[in-house]
Amino acid sequence: APREERDVRSVVVTAAAAMTVTESKFYGHEKYVRKRAEEAVGELNETCEPAKKRYTLRAVRNEIIGDKTKKYAFVSEGAVQAVSQILREALANPGLDANTTDLVIQSAATLGSFSCGLELGAEAVIKSGAVGDLTQLLGSSDSRLVTASARALRLLFQSSKARTLAPLSDSSIRLLIKLLHLKDELTAGVSASILAKCCEIHEQQDQIQSYGGLKAVMSLLQSKLIKVQEAGMECIAAMTKNDKDLALIVSEDLDSVSKLLKFSKMGKPNVKLLACRCITNISTQSDAREDIVKLRAHLLPIVIKLLEQLSDFHVPHVLARLLADKPELQRIAFDSNAISLLTSWLRVTHESGEEEQSYLKEGLLTAVGIISLNLEDARRMVIELKGIPTIVESLKDKDERVRAAACLCAKSLSRSRKAIKSSLFDAKIDGPLLSLLSDPSPQVQQTASATLCNLVLSYLPMKENILAAGGVRELASLSKSMDSILRLHSTWAIKNLLYRADRTLKQRVMEELTWPQLLTLLNDSEPEVQVQAVTIVRNLVFGKEDDIEMVVQYQNGEILSILERILSPTSGSS
């Protein structure tokens, strides 16, 4: 054989041999880790002096820090349950001597390490019942025990598994707020981080505020330690989101607003973002002062700059809230290349297929939908950047918040001219939208039905597809909903289907809607629904004489009698 071929074979054989050695080392290491975990758990379960257990705990913690493989092995072998039992038994002693105190500190720290970065570890800590013991320690007179338990709780609350926890009790909330006043500012910051999660997970901001929590958290902004300032902003952002009363308290504190503005302009991206989240919350309230509302324009270029880097999932959500109901800011965002950035990140996020990125995806879709709502240029750019297929695919997402955000995008795009509607048609948007009319989420149903209102107005191929897929049957069913918004949107969509329709189409629609249901809509308790029902009648009679007869003859002119009553100047229905 030629020399070149012998060399190739030699390389292949050598590579295969190296791979075998590598695999052997890997499996050998995995076996060693499992054996070491078994030994360590056995030592933790032994009855021995606190000093020896403390030594074992410290060794275990040092081994698992930063090593998910070892952490997983130790959790699988029952290490968390063993550590939790050690903590519980130590706390059962009437008085804690120096050795037992150190044992408690090591136990708390080890439980925190198991919670950090490993969902299985956090789940094991919760199942072990250690949360109650850790919260009990917050009231200790020993500052070392307080700090150890607070840090362990913070690591646990940073896990997604924290959502399975019950809301913290009043006594635990009071203890955490008490920590905010400590001279040990780092522990105060840890407490603020835990309180922030209590707001995000269980909306406990009113409970926290009832014990003076917001003012105490705001005082952390004056700290000289950046970590403490960050924790303070994290908690302020969580407490003031969708709470206008708490947002007003912050906006009236000039020192806090000044600090937040300073943080929004300087420092690392995460510090800027935290400040932007806080200012967005206070400046987007309906009753915010004019000078506070103007801060939205100040934040916009900062947030768009953060969008370029996108180091945090909150960025597109902050952008969307800043732009809501502000067409002039939406135009500035578009001119600042926001649509291009958002669409690019949306494609990357969608292609990754990672479920944990659902919150990011929701924010990106929402921001695209808001910027596109009033700007034809923005809609056109979404098409040019090939963003529509991703939006249509997102209508099928497992997460209802993503589906709702994708519906918002589709609704914004559907407001455009026929060319863009045809792009939505080419992407086969009608199928996913129709399926969302029966979505478990009312918000998704409402936005999907609103989108259909636009799509069926003047684009005939879309009308035909929706009719063929049973869309009128779905809309007719929604017109009987107890939800007045769904009744409004479904009636509106039926009205648009009938716009300039021929006799055949009118008959097909009325077979599904039925005349009795039309009478019910004409007598609806909501005036807006009545208006759409009246317009359905107008579209039915538009055209030839036969069209008029179809309406006039039903029940000997009952529809005309209802219209006369509704349109009467003395009627209070219209």
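Residues numbered from 1 in each chain as written. Predicted model: local features only at pLDDT ≥ 70, side-chain atom pairs only at ≥ 80, totals over all residues. Heavy atoms only, no water.

Here's the deal with the layout of surface pockets
In this model, the largest pocket occupies a volume close to 1,500 Å³. Forming the walls of the largest pocket are 43 residues, and the residues nearest its centre are Arg163, Lys197, Glu200, Glu234 and His314. Those elements giving two or more residues to the lining of the largest pocket turn out to be helix 8 (143-157), helix 10 (185-202), helix 13 (226-240), helix 16 (269-283) and helix 22 (358-372). With eight residues, the top contributor of residues to the lining of the largest pocket is helix 10. Its residues assigned to classes, the lining of the largest pocket shows 14 nonpolar, 11 polar and 18 charged. What the second largest pocket holds in volume is close to 690 Å³. Mapped by element, the contributors of at least two residues to the lining of the second largest pocket are helix 16, helix 19 (315-323), helix 22, helix 25 (400-413) and helix 28 (442-455). A per-element tally of the lining of the second largest pocket places helix 25 first, with five residues. (1 Å grid on protein atoms, 1.4 Å probe; cavity = no way out; pocket = protein on both sides within 12 Å on 5 of 7 lines; lining within 4 Å. Points joined across faces, edges and corners; volume = space filled by probe spheres on them. Helix = DSSP H or I, 4+ residues; strand = E, 2+ residues; numbered from the N terminus. Nonpolar A, V, L, I, M, F, W, Y, C, P; charged D, E, K, R; others polar.)

Comments concerning the environment of Ser352
Summarising the element assignment, Ser352 is placed in helix 21 (residues 338-352). Along the sequence, Ser352 and Ile371 sit 19 residues apart, while their C-alpha atoms lie 24 Å from each other. At 2.6 Å, the side chain of Ser352 forms a polar contact with the backbone oxygen of Thr349. (Polar contact = N/O pair within 3.5 Å; in protein donor to acceptor, adjacent residues only side chain to side chain.)

Points about helix 16
Side chains of residues three or four places apart in an α-helix project in the same direction, reflecting 3.6 residues per turn. With 15 residues, helix 16 ought to run about 21 Å at 1.5 Å a step, and its terminal C-alpha atoms sit 20 Å apart, in line with that. Here helix 16 has its buried residues at Val271, Leu273, Leu274, Ala275, Cys276, Arg277, Cys278, Ile279, Thr280, Asn281, Ile282 and Ser283. (Expected span 1.5 Å × (residues − 1). Buried < 20%, exposed > 50% of the residue type's maximum accessible area, 1.4 Å probe, protein only.)

Considerations on the pattern of salt bridges
Note on pairing: side chains with opposite charge can pair once their charged atoms come close. In the structure shown here, the tally under the stated rule is 23 salt bridges. When the shortest N-O distance is used, the salt bridge between Arg401 and Asp399 registers 3.0 Å. On the accessibility criterion, Arg401 (41% relative accessible area) is partly exposed. In this structure, a network of salt bridges that share partners links the residues Arg331, Asp335, Asp377 and Arg380. (Salt bridge = Lys/Arg side-chain N within 4 Å of Asp/Glu carboxyl O.)

Things to note about a negative patch on the surface
There is a patch of like negative charges on the surface, built from Glu38, Glu39, Glu43 and Glu77. Mapped onto the secondary structure, Glu43 falls in helix 1 (residues 3-45). (Patch = residues over 30% accessible without salt bridge, like charges linked within 9 Å, V, L, I, M, F, W, Y side chains within 5 Å. Areas by Shrake-Rupley, 256 points an atom, 1.4 Å probe, with all protein chains shown as cover. Lys, Arg positive; Asp, Glu negative; His and termini not counted. Charge placed at Lys NZ, Arg CZ, Asp CG, Glu CD.)

Observations concerning empty space enclosed by the protein
Counted according to the given criterion, the structure contains one cavity of 30 Å³ or more. The calculated volume of the largest cavity comes to roughly 60 Å³. Around the largest cavity sit Lys244, Asp245, Ala247, Leu248, Ser251, Ile282, Gln285, Asp287, Ala288 and Arg289, which together line it. Looking at the lining of the largest cavity element by element, the count peaks at five residues for helix 14 (residues 244-251). In the lining of the largest cavity, the residues fall into four nonpolar, two polar and four charged.

Details of the side chain of Gln106
Looking at where Gln106 falls in the secondary structure, it is placed in helix 5 (residues 98-115). Given a relative accessible area of 13%, Gln106 falls into the buried group. Those residues in contact with Gln106 that sit more than four places away from it in its chain are Arg54, Leu57 and Arg58. (Contact = heavy atoms within 4.5 Å.)

What to know about the nonpolar core
Residues Phe114, Ile371, Leu518, Leu522 and Ile559 are the most contacted members of the largest nonpolar core, which totals 185 residues. Element by element, the count of residues in this core is highest for helix 10, at nine residues. For Ile371, the residues in contact, after removing those within four places along its chain, are Leu323, Gln330, Ala333, Phe334, Ala338, Ile339, Leu342 and Ala378. (Core = buried A, V, L, I, M, F, W, Y, C linked by side-chain atoms within 4.5 Å.)

Let's talk about the environment of Val250
Structurally, the position occupied by Val250 is in helix 14. Residue classification places Val250 among the buried positions, given a relative accessible area of 1%. Sequence spacing of Val250 and Cys278 is 28 residues, and the spatial spacing of their C-alpha atoms is 9.0 Å. Apart from residues no more than four positions distant in its own chain, Val250 is found in contact with Leu214, Met218, Ile236, Thr240, Val257, Leu260 and Ile282.

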